[in-house]
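# A look at the structure
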Amino acid sequence: MSEISFTVRNYRPADFQKYVQLHIETEQRERSGRYVSPQGLMESLARPNCSPEKNMFISETNGKVIGYMRITPELGIGRAILDCLVNPRYRRKGLAKRLFVIGTQRAKELGAKVSQVSIPVSDAGAKRLVSNMGFSVVRRFLELKLDIYNMHLPPVKPGVLVCRRLRNGEEDSLTQIQNRAFAGSWGFNPNTVEDVAYRVNLRDCSPEDVVMAYKGNRAVAYCWTTVDAEENAFRGEKRGRVHMLGVDPDCRKMGFGKEILLAGLTHLRSRDIQVVDLTSDSKNQAARRLYDSFGFERRSTTVWYEKILV
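Note that the structure is predicted; figures quoted are calculated from it, not measured.

### Details of the overall build of the protein chain
Along the backbone of the protein chain there are 10 helices and 12 strands. Here the protein chain has a C-alpha radius of gyration of 20 Å; the compact-globule value for 310 residues is 19 Å, and the two agree. With the C-alpha coordinates of the protein chain rotated into their principal frame, the extents come out at 65 × 45 × 35 Å. In the protein chain, buried positions account for 48% of the 310 residues. Pairs at least 24 apart in sequence give 73% of the contacts found in the protein chain among residues at least 6 apart.

### Some thoughts on the nonpolar core
Counting 31 residues, the largest nonpolar core has Leu245, Ile260, Leu261, Leu265, Val276, Tyr291 and Phe296 as the members making the most contacts within it. Put simply, the parts of the chain that give this core at least two residues each are β6 (136–147), β8 (210–215), β9 (218–226), β10 (239–247), α9 (256–270), β11 (275–281) and α10 (285–294). The element that contributes the greatest number of residues to this core is α9, accounting for seven residues. What Leu245 contacts, discounting residues up to four positions off in sequence, is Phe182, Tyr222, Cys223, Gly257, Ile260, Leu261, Leu290 and Tyr291. Ranked by size, the runner-up nonpolar core spans 25 residues in total, among them Ile4, Ile102, Val130 and Phe135.

### A short note on the side chain of Arg70
With respect to the helices, strands and loops of the structure, Arg70 is situated in strand β3 (residues 64–74). Only 3.2 Å separates the side chain of Arg70 from the side chain of Ser44, close enough to count as a polar contact.

### A few points about the pairing of β6
Sheet analysis places β6 next to strand β12 (residues 297–308), joined by nine bridges and oriented antiparallel. Bridge pairing in β12 places Leu144 opposite Arg298.

About the thresholds
Residues numbered from 1 in each chain as written. Predicted model: local features only at pLDDT ≥ 70, side-chain atom pairs only at ≥ 80, totals over all residues. Heavy atoms only, no water. Helix = DSSP H or I, 4+ residues; strand = E, 2+ residues; numbered from the N terminus. Rg over C-alpha atoms; globule rule 2.2 N^0.38 Å. Buried < 20%, exposed > 50% of the residue type's maximum accessible area, 1.4 Å probe, protein only. Contact = heavy atoms within 4.5 Å. Core = buried A, V, L, I, M, F, W, Y, C linked by side-chain atoms within 4.5 Å. Polar contact = N/O pair within 3.5 Å; in protein donor to acceptor, adjacent residues only side chain to side chain. Pairing = 2+ DSSP bridges.

Below is the structure:
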């Protein structure tokens, strides 16, 4: 393909349909199996503190959106996450590099100390690009799956913990246990109640999909599950996800992780889910042992790259 002339500018709400079309055309060419949902894309842009008009840049040629760079600031831990996509027809033209330069500059303006990007281990082109731009590997995350349709799940027995679903208005309780459970964990930016309330009410989740575990009146663990019914209907699958699972640091090594995971899987099975996915930090050995004990298997690996900005 011959050289193209493109411009890069800030995203505007009027660009949304072209932004959706970019994802659709990319999936049509790459055949990754990802489901493109306009609602899901809209929800991702509407997240608290996302500010796409300030923190997202699109590239276009002849009025067609052919790529974007989105910067998500997580200044509580000093980082900005970069998310870039270029239409396969327009790759290897210097566009992705230009977008990364702009994204890194915006991250600096926002006050981030580092910029980070997540790339599937199989994407050699993207890994080569970011490496050439000064990014280096800092973490690997494992994508795991479990077939619960063909396995025996023991019943959740009454014990020290009382497990029940999250109720509307209890987002502050979920926020507190999540921030306690993941304090100091790599890549975890402390949540606000606004963040959690927004996420827990998206199309693939509801308060009832979050299982809370209480010891007395104190929340000590949780298993936050999600089910994308729209995507499942499109793909003819029955998949769910353990979005996050955490145990209060004061209550670890008591078997609570196993209890709350079992409660979460039992909930997903009650929703007719057959396969459960989750993401795990490769360096979190305690979590790996827990998931291994249930039979989770590795599906793929994602690599996080980082560039120091200061």
